[in-house]
Amino acid sequence: MRVVTTAQPLDNQPLDVQPTPLALLLLGREADPKSERGVECPGDLPSPSDPDLVARARAAKEKLGDKVFILGHHYQRDEVIEFADVTGDSFKLAKDAAAKPEAEYIVFCGVHFMAESADILTSDDQKVVLPDLAAGCSMADMATAEQVAECWDVLTEAGVAGATVPVSYMNSSADIKAFTGKHGGTICTSSNAKKALEWAFEQGEKVLFLPDQHLGRNTAVRDMGMSLDDCVLYNPHKPNGGLTAEQLRNAKMILWRGHCSVHGRFSVDSVNDVRARIPGVNVLVHPECKHEVVAAADYVGSTEYIIKALEAAPAGSKWAIGTELNLVQRLANRFAPEDKEVVFLDKTVCFCSTMNRIDLPHLVWTLESLAEGNLVNQIQVDKETESFAKLALERMLAL
């Protein structure tokens, strides 16, 4: 067993060592919220250091022609969305890629699990590329294949595995999707989570919901009429998930202890504050938010739901949106001419830091490399993993 100790000076006083920003990033710790005050990021994001980047991106894309298909997730920055052939949420984009078989290169401007899903759903002849391999997802990383396998052993020892159906959120790694397919489960999105859970409860008595506890809890309680007591939280960092065999036997929803670092920052105070500042405001939040935030909101839905709700909203209406800031700013600009006021729910800037790793310099490098015949940053899922992950995705498509 490896033992990790913390060094102390001889006088037993703590060392005055300040972690670097890089160290904090690697440790996955949040930045000081006080350093990010304001609905608008001061000065917005900086312009590209190279003024020729836009022209270079256009030239490389034109040279590639129909050989390239660029997907842009809703949370991407505007400088990237400008070059996207289609925009949408992760699953919509993966389906769009599969429907474009003539494109040799699928450039996915999103995060790693999204590119994996695109590779699973596209043909072997297509190459899926992620402009920056460091663009991951903290939520997806909260459930590893080893941890989930150990969880299944715990459920087996408690005598409930045979009655449990795994349901995994689209925001999960290919390994977790494969585990889900292998154990008779299905994938869900934030749009069809209720339908997926209804299907799962037709197959078994319990659901193991991975990896976002909030989407699982909100769907079960808000949309399906369960109680909070029907849900237990499995913590992979505690023995037996921190649960007794009796708790597992009594539960209907076994929620994985995972969350979105962006949506998890919204609070009931955020809701109360915006209602006080903007009388008559409609509060619309993503179901990855905490249960108490969802309960305090007026409307709840996926990114696609949020967009459609604002499209249908009457002129003069006011909206506070609880989701990633790039999308909220884009919607605010889009609907301002229609006299629809759209504000960010919180006072704290809330960009998805990993999504923002995909920037214009990375996109230009990717497109120019492909135009020169150099395949870079290809995302490939091994055949066995792909087979079981695709099975879970196909079950969702059949719902």
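This structure is a prediction, so every number in the text was calculated from the model and none was measured.

Turning to the confidence of the model for the protein chain, a few remarks are in order. Scored by pLDDT, the protein chain comes out at a mean of 87, with 87% of its residues at no less than 70. Per-residue pLDDT stays below 50 along residues 1-17; that stretch engages in five contacts with residues further than four places along the chain or on separate chains.

To continue, consider the sheet that holds strand β2 (residues 86-88). Strand order in the open sheet formed by four strands is β2-β1-β3-β4, with parallel pairing between adjacent strands. Because the sheet does not close on itself, it has two edges, and the strands there are β2 and β4 (127-129). Averaged over neighbouring strand pairs, the angle between their axes works out to 25° when direction is ignored. Pairing of strand β3 (residues 105-109) with β4 involves three bridges; the strand directions are parallel. Bridging from a neighbouring strand, I106 pairs with V128 of β4. Of the strands in this sheet, β1 (68-73), β3 and β4 are in contact with helix α16 (residues 360-371), which crosses β3 at around 175°.

Turning our attention to a negative patch on the surface. A cluster of acidic residues, E146, D175, D382 and E384, forms a negative patch at the surface. For D175, the position within the fold is in helix α8 (residues 174-182). Taking the relative accessible area as the measure of exposure, D175 reaches 42% and is therefore partly exposed.

For the rest of this paragraph, the subject is the pattern of salt bridges. Counted by the stated rule, this structure contains 14 salt bridges. The shortest N-O distance in the salt bridge between R56 and E368 comes to 2.9 Å. Here R56, found in helix α2 (residues 53-64), pairs with E368, found in helix α16; they are 312 residues apart in sequence, far enough to count as distant. By relative accessible area, E368 is classed as partly exposed at 22%. D85 is paired through a salt bridge with K61; the nearest N and O atoms lie 3.0 Å apart. With D85 in the loop between α3 (78-81) and β2 and K61 in helix α2, this residue pair connects regions lying 24 residues apart in the sequence.

What follows deals with the nonpolar core. One finds F209, M253 and V285 to be the most contacted residues of the largest nonpolar core, which totals 104 residues. If you look at the next biggest cluster of nonpolar residues, it comprises 20 residues, including A158, A161, L210 and V232.

As for its placement among the helices and strands, V86 is situated in strand β2. Leaving out residues up to four positions away in the same chain, V86 has contacts with F69, I70, L71, G72, L93 and D96.

Among the structural elements, E116 can be located in helix α5 (residues 112-121). For E116, the side chain forms a polar contact with the main-chain nitrogen of A174, separated by 2.8 Å. Not counting chain neighbours up to four residues away, the residues in contact with E116 comprise S173, A174, I379 and V381.

Bringing helix α10 (residues 213-223) into the picture now. In an α-helix, one turn spans 3.6 residues, which is why side chains three or four residues apart end up on the same side. For α10, the buried fraction is high: nine of the eleven residues fall into the buried class. Within the span of α10, buried status applies to Q213, H214, L215, G216, R217, N218, T219, A220 and V221. Two or three places before H214, at the opening of α10, D212 has a side-chain oxygen 3.2 Å from that residue's backbone nitrogen. Just downstream of α10 lies G225, where phi reads positive at about 80°.

Summarising the element assignment, Q147 is placed in helix α7 (residues 145-157). Residue Q147 is classed as buried on the basis of its relative accessible area of 18%. If we ignore the near neighbours within four places in the chain, the residues touching Q147 are M142, P236, H237 and W256.

It is worth spelling out the packing of aromatic side chains at this point. How two aromatic rings sit relative to each other is set out by the distance from centre to centre and by the angle between their planes. A complete count under the given rule lists four aromatic pairs for this structure. A ring pair is formed by F266 and F344, whose centres lie 5.6 Å apart and whose planes are at 65°; its orientation type is edge-to-face. Residue F266 is located in the loop between β9 (253-256) and α12 (268-277), and its partner F344 is located in strand β13 (residues 341-344); the two are separated by 78 residues in the primary sequence. Summarising the burial analysis for this pair, F266 and F344 share the class buried. Measuring from ring centre to ring centre gives 5.6 Å for Y299 and W319, while their planes differ by 40°; the resulting arrangement is tilted. Of this pair, Y299 sits in strand β11 (residues 299-300) while W319 is found in strand β12 (residues 318-322), placing the two residues 20 residues apart along the sequence.

Another point: the packing of α8 against helix α17 (residues 383-397). Where α8 contacts α17, the two axes come as close as 7 Å, and the packing angle between them is 70°. Judged on the interaxial angle alone, α17 and α8 are roughly perpendicular. α8 and α17 meet at a crossing whose hand is left-handed. Side by side, α8 and α17 meet where A174, D175, K177, A178, T180, G181 and K182 of the first sit next to T385, F388, A389, L391, A392 and R395 of the second. Looking at the contact of α8 with α17, its residues break down into six nonpolar, three polar and four charged.

What counts, and at which threshold
Residues numbered from 1 in each chain as written. Predicted model: local features only at pLDDT ≥ 70, side-chain atom pairs only at ≥ 80, totals over all residues. Heavy atoms only, no water. pLDDT = per-residue confidence, 0-100. Contact = heavy atoms within 4.5 Å. Pairing = 2+ DSSP bridges. Helix = DSSP H or I, 4+ residues; strand = E, 2+ residues; numbered from the N terminus. Axes fitted to C-alpha atoms, helices over the stretch in contact; angles between N-to-C directions. Patch = residues over 30% accessible without salt bridge, like charges linked within 9 Å, V, L, I, M, F, W, Y side chains within 5 Å. Areas by Shrake-Rupley, 256 points an atom, 1.4 Å probe, with all protein chains shown as cover. Salt bridge = Lys/Arg side-chain N within 4 Å of Asp/Glu carboxyl O. Lys, Arg positive; Asp, Glu negative; His and termini not counted. Charge placed at Lys NZ, Arg CZ, Asp CG, Glu CD. Buried < 20%, exposed > 50% of the residue type's maximum accessible area, 1.4 Å probe, protein only. Core = buried A, V, L, I, M, F, W, Y, C linked by side-chain atoms within 4.5 Å. Polar contact = N/O pair within 3.5 Å; in protein donor to acceptor, adjacent residues only side chain to side chain. Phe/Tyr/Trp six-rings, centres within 6.5 Å; stacked < 30°, edge-to-face > 60°. Parallel < 35°, antiparallel > 145°, perpendicular 65-115°, else oblique. Left-handed = near helix turned anticlockwise from the far one by under 90°. Nonpolar A, V, L, I, M, F, W, Y, C, P; charged D, E, K, R; others polar.

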